[in-house]
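Listed here are the chains, written in short residue letters.
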Amino acid sequence: MAFTDGWKDLSAEQRLDARMDAWANPAVEFESDAMKQHYQDRVRLFRDVVELRKPARVPIAPWMSLFPGLSQGLTAKETYYDYAKLADAWMKFHAEYQQDVLAFSINIVPVHIYDALDYKLYDWPGHGVGDNSGYQYNEAEYMNADEYDLLINDPSSFWTRFYLPRVVGAFEPFAGLDPFTDLVEGPTLGPFFIPFGTPPVQDMLKKMIDAGNAAMEWIQNFAAMDAKAMGKYGLPGFAGGVTKAPYDILGDTLRGTRGLMLDIFRQPDKVLEACERLVPLAIDWAVRSNDTTRHPFVFIPLHKGADGFLSDADFRKFYWPTLKKVLLGLIDEGLVPLCFAEGAYNDRLETIHDEEIPAGKMVWMFDATNMSEAKKHLGGYQCIGGNVPGALLTTGTAQDMDDYVRQLIEDVAMDGGFILGSGIVIDEAKTDCVKQMIAAGLKYGSEV
Amino acid sequence: MTQELTQAIVDLREGDALALVDRQLADGADPVAILADCKAAMDVIGDRFAAGEAFIPELIMAGEIMTGVSAKLKPHLTATTPEEKLGVVVIGTVQGDIHDIGKDIVVTMLDIAGFDVVDLGVDVKIDKFVATAQEREAQIIAMSCLLTSAIDSMKKVVAAAHDADLNGCRLMIGGAPITEQVVAYTGADGYGKDAVEAVELAKQWIGGA
C-alpha cells in the first residue's frame, strides 16, 4: 500500500514533504496544544538541521537502549520482560531526561517472541547472559562460503530454507519445505503441503502462533508506551524504520566478519554480486516499515565498513557502491537515511561526500570519528551528529561531559547541520553524565 | 631459502603460498627455514598494519594462510627443538561481553610473535583470569571488551589480580571503547589501540622495558 494516493506520480521532494507532514502531525493525543507545539518545534529542529538550515537550537538525540530501564532501577531482564515496569520507567525516564526524541524502543528487543521461537542469533538475560546484560549478538557463519549462489539466485528461498533454520530453533523444519515459488500450478499444491501434515511442521506452526500472540502483546504495549510519552512530553521518534548496508547484511547476518573478510580475497566477485542482489531488499525493507510508522527517518547502523575493517580501496569497491544505491533508493522514496557509522570513519569521509547523493537529504551520525574533520568534509553537504563517547558516559564526570559537549558544539555546530548524540547506544552509563550531556546540549546548543 | 614464499604471503596469494610450501617440502626443504620465511612475511604485514597500509582483513587472511602452512609443516616439525617462547599471556573477553573478533586477532598476532597464549574465550569470569594466571605463571593478563558496560569487569579483574599478588604479572586491556581514561579507571597497566600495539606493549613488558 502506498504512503498516499498518487505516490508514483510524486517527485522525491513531494514525497519527502508528505512524509515530513505526516511526522509533524502524528495520530497521537497530546496533553495540550502547547505540547503539540513543542512536538512540532522539535520536528522542525530536525528538519532544519537535515536540510542544512540553522535551527532554533541544536537538537539532542542520544541513542538509548537499556538506559531508560536501568536508570530507573530496573534490571536488564525486567526492562525486556516486564512491560508494566518498563512502561512506568519509560515515563519517569522521559520526565527526568529532557532529550528531543523518544528513547529508541526498538532497542528493547522483543524477548517474549525469542522465547516462543528459540531465537539463537542473540543472547539475552536468562539466555546466555546475566540478568543485567543487554542482548548480544552470536555472530557465526550462518551462510557457508559455498552458498553464495543459493543466496544470489533466490534470497527468499535461501532465507527460509537455509538461514532461518540455523538461527531460529523453531524454524528447523523450514529446511525440509519446498520454496513457495514451486506453487506455479494447481497440481504442485499436493506435494508442497505434504510436510505441513507432519508433526514437526505442525509443531512449528503452533510456535509461530505463540510468537504471533507475543508480538500482538508487544506491539500493544510498546505503541501505548511510546504514544503516551509522545503526547505527554511532546517527543518525536528518531526513526521509523531500519535497514542495513548490503555488505553488512552479508558480514553481520550471513557470513560473519571473519568469513566475509576471507571472501573478499577468495571470491570477491560473489561478494559483489550478493551485495547487488541485496540492494532492492534493503530499500524495500525500510520503505514498508516507514510507510507503516509514518516517520521519514531510516536508521542504518553501519558496521563492517569502519576504519580498519577494510582498506580504503576495498571500502570503495565492496562497501560504498551498494550502500550508496540503498541511500539513493531511500531518498527517492522521500525518506531520510540516518546512517550511524559505528567505530571510526575518518578514512571514509572523502568517499561518503559523494556528489551523486543530493545535499541536505540524509544524516551521518558518528561514533569515534574526528568531528572537526567530519565537518570539514561534510559541512554544507549533509547533517552530521553523534560522537559523545561511550567511555566518557560510563567513566567520566559531569564536568567532563560539559567540557566535551561545549567543545563539540563550538567545533562543529555553530552554523547548524548538527545533531548532538552519543557515539554508542547507551545501556549502562552514569546518570549524572547523561543528564549533563543533555543540559550542556541545551545550554551551548542554544547559542548557535 | 626463497623470497618467493615470503612474497606470496605478503601478497596474500593463498593458493600460491600453500603450493610453494608443498613443493619446498617435497624438495626436502628445512621446515624451520620455511617457518622463518613465513614469519618474515608476517612481520611485513604487521609493519604495514602499523603504518595504516594493511587492515584487519589482511591480518585475518594472513593468519589464515599461516594456519594452512602450519598444518602442512606440523608433521615435519616433530623432530625439531620446540622454539623458545617469549612469555605467557592469559587472554580473554571479560565477563558480560561475548565479542571475540578483536580478541582473536590479538591471539593470532601474539602467537605469531612467539608468545605462549592461553585463550580463555569470551565472557570470562573475574576469578578465571586470576586463577589461570597463577596456574600458568603468566607474565601478562590481556582483557578485551567491546561493550562499555563490560568495562567494570576489567576493573574487577585488575582488583582481583592485585589482591592475588601475581608476582609482577601485568594487566593489559583493549577494545573499541578503551582510552587512556578507561585505563586509569580500571587501574590496568596499559592498553593497545590495536593488535599490533598490543603485541608491541607485550614485548616491551616482557623485555623489562
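Being a predicted model, the structure only gives us computed values, none of them experimental.

Colleague: Requested: an account of the overall build of chain A, with residues and values cited.
Modeller: Looking only at helices and strands, chain A features 19 helices and 9 strands. Considering only C-alpha atoms, chain A reaches an extent of 70 × 50 × 50 Å along its principal axes. Burial statistics for chain A: of 448 residues in total, 46% are counted as buried. Residue pairs in contact within chain A that sit at least 24 positions apart in sequence constitute 76% of those at least 6 positions apart.

Colleague: Summarise the overall build of chain B; cite the residues concerned and give the values.
Modeller: Looking only at helices and strands, chain B features 9 helices and 5 strands. Put simply, chain B runs from its N terminus to its C terminus through helices and strands in the order α-α-α-α-β-α-β-α-β-α-β-α-β-α. In terms of overall dimensions, chain B is globule-like: its C-alpha atoms have a radius of gyration of 18 Å, near the 17 Å expected for 209 residues. Expressed along its principal axes, the backbone C-alpha trace of chain B runs to roughly 55 × 35 × 30 Å. Looking at chain B as a whole, 49% of its 209 residues are labelled buried. The long-range fraction of contacts in chain B, counting pairs at least 24 apart against all pairs at least 6 apart in sequence, stands at 74%.

Colleague: I'd like a description of the sheet that holds strand β1 (residues 88-93) of chain B, backed by residues and values.
Modeller: Residues and elements named next belong to chain B. Strand order across the open sheet formed by 5 strands is β2-β1-β3-β4-β5, with parallel pairing between neighbours. Only two strands of the sheet have a single neighbouring strand rather than two, namely β2 (116-119) and β5 (190-191). Sheet strands in contact with helix α5 (residues 101-113) are β1, β2, β3 (140-144) and β4 (170-174), and its direction is about 165° off that of β1. Its contacts with the sheet put helix α7 (residues 151-164) on β3 and β4, and the angle it makes with β3 is roughly 165°.

Colleague: Run through the environment of Asn167(B), naming residues and quoting values.
Modeller: Residue and element names in this part refer to chain B. With respect to the helices and strands, Asn167 occurs in the loop between α7 and β4. For Asn167, a count of 10 C-beta atoms within 10 Å translates into the label exposed. Considering only alpha carbons, one finds Asn167 and Gln134, 33 residues apart in sequence, at a separation of 8.8 Å.

Colleague: Describe helix α12 (residues 256-266) of chain A, naming the residues involved and giving the relevant values.
Modeller: A large share of α12(A) lies buried, amounting to 9 of its 11 residues. For α12(A), every residue scored as buried is listed here: Gly256(A), Thr257(A), Arg258(A), Gly259(A), Leu260(A), Met261(A), Leu262(A), Asp263(A) and Ile264(A). Looking at the packing, one finds that the buried side of α12(A) touches α11 (246-254), α13 (268-293) and α14 (312-332) of chain A together with α4 (56-77) and α5 of chain B.

Colleague: Got a sec to walk through the domain arrangement of chain B? Specific residues and values, please.
Modeller: Residue and element names in this part refer to chain B. Domain annotation of chain B identifies domain 1 (3-77) and domain 2 (88-206). Placing a centre on the C-alpha atoms of domain 1 and another on those of domain 2 gives a separation of 27 Å. Across the contact, 9 residues belong to domain 1 and 5 residues belong to domain 2. Of all the elements in the fold, those that place two or more residues in the side of domain 1 that touches domain 2 are α3 (31-50) and α4.

Colleague: Account for the sheet that holds strand β3 (residues 136-137) of chain A, with residues named and values stated.
Modeller: All names here are of chain A. The strand order β2-β1-β3 describes an open sheet built from 3 strands, whose pairing is mixed. A single partner strand is all that each edge strand has here, and the edge strands are β2 (128-129) and β3. As defined by bridge partners, strand β1 (residues 122-125) adjoins β3 across 2 bridges and the pair is classed as antiparallel. Across the sheet, the residue bridging to Asp123 is Gln136, located in β3.

Cut-offs and rules
- Residues numbered from 1 in each chain as written.
- Chains lettered and ligands numbered in written order.
- Predicted model: local features only at pLDDT ≥ 70, side-chain atom pairs only at ≥ 80, totals over all residues.
- Helix = DSSP H or I, 4+ residues; strand = E, 2+ residues; numbered from the N terminus.
- Buried ≥ 20, exposed ≤ 12 C-beta atoms within 10 Å, placed from the backbone.
- Contact = placed C-beta atoms within 7 Å.
- Rg over C-alpha atoms; globule rule 2.2 N^0.38 Å.
- Pairing = 2+ DSSP bridges.
- Axes fitted to C-alpha atoms, helices over the stretch in contact; angles between N-to-C directions.
- Domains from an automatic or database assignment.

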